[in-house]
Amino acid sequence: MAMIVLFLLLCITDGVVSQIRYSVPEEAGHGTFVGNIAEDLGLDMTKIASRRFQVVPSSRTPYLEVNMENGILFINEKIDREQICKQSASCLLHLEVFLENPLELFRVEIEVVDINDNPPSFPETDITVEISESAVPGTRFPLESAFDPDVGSNALRTYDITTNNYFYLDVQTQTDGNKFAELVLEKSLDREQQASHRYVLTAVDGGQPPRTGTALLVVKVLDSNDNVPVFDQPVYSVSLQENTPAGTLVIQLNATDLDEGQNGEIVYSFSNHISSRVKDLFAIDARTGRIEVRSEVDFEESSLYQIFVQAKDLGPNAVAAHCKVLVKIMDVNDNAPDITFSTVTESVSERAAPGTVIALLSVTDKDAEENGKIHVEILGDVPFKLKPSFRNYFTIVTDGPLNRENADSYSVTVVARDTGTPSLATSKSIKVQVSDENDNAPTFTQPIYDVYVTENNVPGAYIHAVTALDPDVGQNALISYSIMECDIQGMSVKTYVSINEETGYLYALRSFDYEQLKDFTFMVQAKDAGSPELLSNATVKVIIVDQNDNPPSVIAPLGKNGTARQPLPRSAEPGYLVTRIIAMDADDGENARLSYSIQRGNENGMFRMDWRTGELRTARRVSTKRDPNQMYDLLIEVRDHGQPPLSSTASVFVVLVDSVVEDHRERGTAKSKETSLDLTLILIIALGSVSFIFLLAMIVLAVRCQKDKKLNFYTCLTSDCCLGCATCCSRHARARKKKLSKSDIMLVQSANVTGAGTAQVPVEESGSFGSHHQNQNYCYQVCLTPESAKTDLMFLKPCSPSRSTDTEHNPCGAIVTGYTDQQPDIISNGSILSSETKHQRAELSYLVDRPRRVNSSAFQEADLVSSKDSGHGDSEQGDSDHDATNRGHSTGKLSVLVLGWLRLYSSRRVFVNSLSPGCSSIPLLF
């Protein structure tokens, strides 16, 4: 059974994981098991097929075969080591196998072990040696060498000769390890005694058991030739370049012989024991000793040759002289590098990480030293690089990110160049396809799309198209469009617009109305069909374009049955503002720009209309002759500037009156009954809060008054709580014991309206929308007694302008909160009570001022509520409590809240009187 030796060398390098080595004896038959490559390398046997376990084609040999299913290496053809490796000391067969996914390369070396299957053999069975009888002892005679094709320990080991008295063998070893024998004369010969000698020459090898080869050695004793040829030196060395042409001189040998004649004539020849290959490559001239090149010498075959030459004269019993010529072959750079691709990946993903293996290749050069050194590179600017892998193997790997959108394929050219002179190079190219990955999201041509759609469009009409681009290919570039869900006015956007998934066309699903929806925004999404899906969004803003589809709408003045009633004083001057027509148009731009005109009722030219603002004014004075009618029926037209223009009309009755106040009173009487309930409820809430604060102030004041027994005074509270005016108080020492009743106190107009406790309240009556304004200022004083059961707040006549002494610092309508030294006059039973000293009033200032500060905000709120109605009845366009749209044309408040008597310990009754003439009192109990 053949012995198999396994060596496993593990090397972790890129592309090659390990090297494995086997030994197999020569002459093994077909099917002989060498080793299990997969098992010895520790590979997963279940994955060999999926990873495509295979042999590199360039390394295949007919002597070996690998089972690709189980990885078993076996002998395919009988191996004769002597035929494959000749006399080489080491005989190796190489096999390269690899796996894919990932790429792993394994180098398998199979050493063919020599067996002793060949015995040594001599070229001839009979060897004849002629020796002159004159030869002296110690003379050497080289014998033909035996040849043993085995190597190593099985090679030729020694020679042996039949034991005798004349000769012995001296076995010598050449520089290449071959052995040869020299026959050494031990005792002088005598031809006359013995003319020839026969011995058995035996060649023995080193095998176990050793094998031998024999030849018959015949020694003929010749007559004496006294001188032998002599070479200049025993060993010659010479250098010869490979590829030297035939006939080139290698060396000129020269041997000399002192004899004359034929005994001195020398003949040169190769020794009998040189190899036949040397005889094929070199030739020697027998007469001249000139050694020439016979055929081309190749350094890659052998770098050194030994030529053994002998010189023999032509005399009888000639003795040959020997020398050795060492021919060193010099390498010439005659072999270009060879590039072999073992495996090539057809395509690589553009998402492949840097360092991904694309191909495995090997580079070899048969030359040596500098001529065999190789530099390998990739030509051009490509995202690939070479990486040394194992010995002369290289891998082509990615050298950066790939982008198929920039380049979908690459031609990779590998150049191998040696360093010889001249340098030789070889190049090979492979084509690498870059496969697409979904690495690009669709991109809209615009981030924001402005789409203009005219209102009243047809549902289902095309309105715009959005476009997205994807540089990928195939499914990765197949884009579908959609609308992202959102709400518009409480409804899904998909009830407003739709999109074609394939083309990106947008369609309106309803007819838009500019007056209801001026614009809306939604997001569209573009998504490719790659894996994973990539998407992007864009904003679409739909802008509704207005059409003139809405006529103007008159909102003021409004009256009963669509007709507004406006008063006109007979004393009105030209330019008097009768009213102002207010209209609006739901359209926009020019479609909403309005013009006003009088269409009917102004035949006598009494009025003029401002076509821009809608103000209706008098064009002249009212004339009894020209204007006998008491009423003007005007038809006002409001027209927009759209195309085509649309218009509306309003009917206004202008009634001639003696004064605006009378007209207001007549209308206010009818309306006050309808609105009194709402006003009463508001006043109850406001005045109830104020009364509670006043009650607290009274209690605090009473406690302080009891502490000061020597001081009896009257406390007067003002209408500041409801009107924002100052208060007046007076205390009379002589009235200490007198209990005042309601009839004891009167409210009179003060001579100095700027004193403390005095409020100046502006009262303003106005017509509707710019009618003639009449301003009157009223100044009042309020005196209260703590002992009285009830307190009245009464209104007097308006203040005279001449009586105001400080109008610049405190004009009518301003609120005075400070106190002065001057006390207001208090009338009790027809007599004016005098004031006490400033010291006594100072004691009360805090008590009086505190409730005023606390209640001021509450009464201001109540004032705002009550000022919405003037108390003149139904509110029309000419009334002061018109709709909020006409508040800007009113120049003052029309009413003021009035607080009545406050009862300290029992129920309160409040009287509210309007400042306007003809107002009525409203009693409230709480």
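Residues numbered from 1 in each chain as written. Predicted model: local features only at pLDDT ≥ 70, side-chain atom pairs only at ≥ 80, totals over all residues. Heavy atoms only, no water.

How we decide: UniProt positions are given in the numbering used here, feature names are shortened, and annotations may be inferred rather than shown by experiment.
Identification of the chain as Protocadherin 10b from Hucho hucho is taken from an unreviewed UniProt entry. Quoted straight from UniProt, the Subcellular location (unreviewed entry) entry for the chain says "Membrane".

**Describing the nonpolar core**
Filter applied, for reference: Buried residues of nine kinds, namely Ala, Val, Leu, Ile, Met, Phe, Trp, Tyr and Cys, make up a nonpolar core once their side-chain atoms join them within 4.5 Å. Any residue under 20% of the maximum accessible area for its type is buried, any over 50% is exposed, and the rest in between are partly exposed; the area is computed with a 1.4 Å probe on protein chains only. Think of it this way: any DSSP run of H or I at least four residues long counts as a helix, any run of E at least two long counts as a strand, and we number them from the N terminus. The contact criterion used throughout is that any non-hydrogen atoms of two residues lie within 4.5 Å.
Phe231, Leu253, Phe282, Ile291, Val309, Val325 and Val327 are the most contacted members of the largest nonpolar core, which totals 30 residues. At the level of secondary structure, the elements contributing two or more residues to this core comprise β17 (235-241), β18 (249-252), β20 (266-270), α3 (276-281), β21 (282-284), β22 (290-293), β23 (304-313) and β24 (321-330). With residues up to four places along the chain from it excluded, the contact list for Phe282 reads Leu240, Val250, Phe270, Ile291, Glu292, Val293, Arg294, Val297, Tyr305, Ile307 and Val327.

**Some remarks on the sheet that holds strand β41 (residues 505-508)**
Put simply, the rule reads: Strand pairing is assigned whenever DSSP identifies at least 2 bridges connecting the two strands. To obtain an axis, a line is fitted to C-alpha atoms, over the contacting stretch when the element is a helix, and the angle between two such axes runs from 0 to 180 degrees between their N-to-C directions.
Judged by pairing direction, the sheet is antiparallel, and its 3 strands sit side by side in the order β35-β41-β40 without closing on themselves. The outermost strands of the open sheet, each flanked by one partner alone, are β35 (462-465) and β40 (497-499). On average, each strand axis in the sheet is inclined to that of its neighbour by 25 degrees, with strand direction left out of account.

**So, the side chain of Ser132**
Quick note on the threshold: Any N or O atom pair separated by 3.5 Å or less is treated as a polar contact, with the protein-specific requirement of one donor-capable and one acceptor-capable atom, and with residues adjacent in sequence counted only for side-chain atom pairs.
In this structure, Ser132 sits in strand β9 (residues 126-132). Given the relative accessible area of 2%, Ser132 is considered buried. In terms of polar contacts, Ser132 uses its side chain to reach the side chain of Ser134, at 2.8 Å.

**Quick word on unusual backbone geometry**
The amide bond that connects Asn101 to the next residue, Pro102, takes the cis arrangement and shows omega of -5 degrees. The amide bond that connects Ala556 to the next residue, Pro557, takes the cis arrangement and shows omega of -5 degrees. Among the structural elements, Pro557 can be located in the loop between β44 (553-556) and β45 (563-569). Unlike most non-glycine residues, Asn456 shows phi in positive territory, near 65 degrees. Position of Asn456 relative to the elements: it lies in the loop between β34 (448-454) and β35.

**What about the side chain of Asp470?**
As a reminder of what qualifies: We score Asp and Glu as negative and Lys and Arg as positive, and we do not count His or the chain ends. We define a salt bridge as a side-chain nitrogen of Lys or Arg found within 4 Å of a carboxyl oxygen belonging to Asp or Glu.
Within the fold, Asp470 resides in the loop between β36 (468-469) and β37 (479-483). Here Asp470 is buried and forms no salt bridge, its nearest opposite-charge partner Arg404 lying at an N-O distance of 7.3 Å. Within the structure, the side chain of Asp470 is placed 3.0 Å from the backbone nitrogen of Asp472, a separation counted as a polar contact.

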